[in-house]
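Descriptive analysis of the structure
Okay, here's what each chain looks like letter by letter:
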Amino acid sequence: MAVEPARTSDVGTVGVLSRAADALSADPRILLAGVAVVALGFVPYVSNVASPVVGGLAVVLTHQALAETPATDRSYLRRTLSAIGATVIIAIIAGSVILAGVMIVGVVALAGFVFPPLLVLAVVVGIVGIALPVLYVALRLHLALPAAFIDGETATDAVRRSWDRAGGNVLTVLGVQLVTGLLSALAALLVAYAFGIPFPGAIETGGAFSFSAENRELVSQSAMVLRYTAVGSSTVSATIPGPEFLLGYSVVGGLFTALNYSSQAVMYQLFDGAGVETPAGV
């Protein structure tokens, strides 16, 4: 298949998503991998394993669709173990940042008993001192999965490589995450609505979205689906919806899940500075 070289102007949220869409068009197996991640995610305790295993496959397929060089020759099992290890390391780092932020907020809150205005400051510190650093760390480490599956990095090296490549490109990573996350959430709402599942948080109106006892279970199901839209990163704990809903959301949600994984592979390649090639005319 003919390819055309990447242009510097393509680097950005729109450029990344466009290239990820090119990959989906070039290899439908990436979409199937996304559908599999969503479908397996509805099984308790399985999503945490399905994400790195099947998601890594989507990353590799994207790399093969957009680049001339093959992925690492390390065994798929070793790459999967590296990805899982990187996930654990990232969780530990994020937990440490949260713990440090909580301690700072606690100190400020205690001081608020002496000087009440400090309680307001504690809230501000809680947002700035916890949420923003955790978000920043998560964005810098968002490319650990392709580092493990494309270059075959070990767990620690995958985290380090992600931190290096995402540096200076945090806004692009954030933009891609916002777009894919919003699309996935919208897909969840639309599919839920199509199957008569009311939106979570609906008020008592007496109509289709009433919070009556008979549809309370459906509200719980819809809320569960929205919690899942972190693209396969959560473990489902709520009631599982009917099979027709699972099929519908697996297909629709799988599209944006596949787009998310493909965008990770694209960003990992683009942020290397060497560029990436995409299928022409796709």
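Residues numbered from 1 in each chain as written. Predicted model: local features only at pLDDT ≥ 70, side-chain atom pairs only at ≥ 80, totals over all residues. Heavy atoms only, no water.

Observations regarding a nonpolar patch on the surface
Applied cut-off: Two joining distances apply to patches: 9 Å for like charges and 5 Å for nonpolar side chains (Val, Leu, Ile, Met, Phe, Trp, Tyr), and every residue must have over 30% relative accessible area and no salt bridge. To be clear on the numbers: accessible area is Shrake-Rupley with a 1.4 Å probe, and residue cover counts the displayed protein chains and nothing else. Any carboxyl oxygen of Asp or Glu within 4 Å of a side-chain nitrogen of Lys or Arg constitutes a salt bridge here. Working definition: helices are DSSP H or I runs of at least four residues, strands are E runs of at least two. Numbering for both runs from the N terminus.
Nonpolar side chains collect at one region of the surface, where Val120, Leu121, Val123, Val124, Ile127, Val128, Leu132 and Leu135 lie side by side and expose about 700 Å² of accessible area between them. Tracing the sequence through the fold places Ile127 in helix α5 (residues 117–140).

Overview of the side chain of Thr180
The cut-off we apply is this: Relative accessibility thresholds used throughout: buried, under 20% of the residue-type maximum; exposed, over 50%; partly exposed, between the two (1.4 Å probe, protein chains only). Counted as a polar contact is a pair of N or O atoms within 3.5 Å, where, for protein atoms, one must be capable of donating a hydrogen and the other of accepting one, and residues adjacent in sequence contribute only when both atoms are in side chains. Between two residues, a contact is recorded if the distance between any of their heavy atoms is within 4.5 Å.
One can find Thr180 in helix α8 (residues 170–194). For Thr180, a relative accessible area of 1% puts it in the buried group. Polar side-chain contacts of Thr180 include one of 2.9 Å to the backbone oxygen of Val176. At 3.3 Å, the side chain of Thr180 and the backbone oxygen of Gln177 are in polar contact. Not counting chain neighbours up to four residues away, the residues in contact with Thr180 comprise Leu17, Phe256, Leu259 and Asn260.

A look at the packing of α8 against helix α10 (residues 243–270)
We count it as follows: Convention adopted: a line fitted to C-alpha atoms gives each axis, helices being fitted over their contacting stretch, and angles between N-to-C directions are expressed from 0 to 180 degrees. When describing relative orientation, an angle under 35 degrees is termed roughly parallel and one over 145 degrees roughly antiparallel, while 65 to 115 degrees is termed roughly perpendicular and anything else oblique. Charged residues are taken to be Asp, Glu, Lys and Arg, nonpolar residues to be Ala, Val, Leu, Ile, Met, Phe, Trp, Tyr, Cys and Pro, and polar residues to be all remaining types, Gly included.
With their axes 9 Å apart at the nearest point, α8 and α10 run at an angle of 175 degrees to one another. Classified by the angle their axes make, α8 and α10 are roughly antiparallel. Along its contact with α8, which presents Thr172, Val173, Val176, Gln177, Thr180, Leu183, Ser184, Ala187, Ala188, Val191 and Ala192, the element α10 presents Phe245, Gly248, Tyr249, Val252, Phe256, Leu259, Asn260, Ser263 and Met267. In terms of residue class, the contact of α8 with α10 is made up of 13 nonpolar, 7 polar and no charged.

Geometry only, nothing functional implied.
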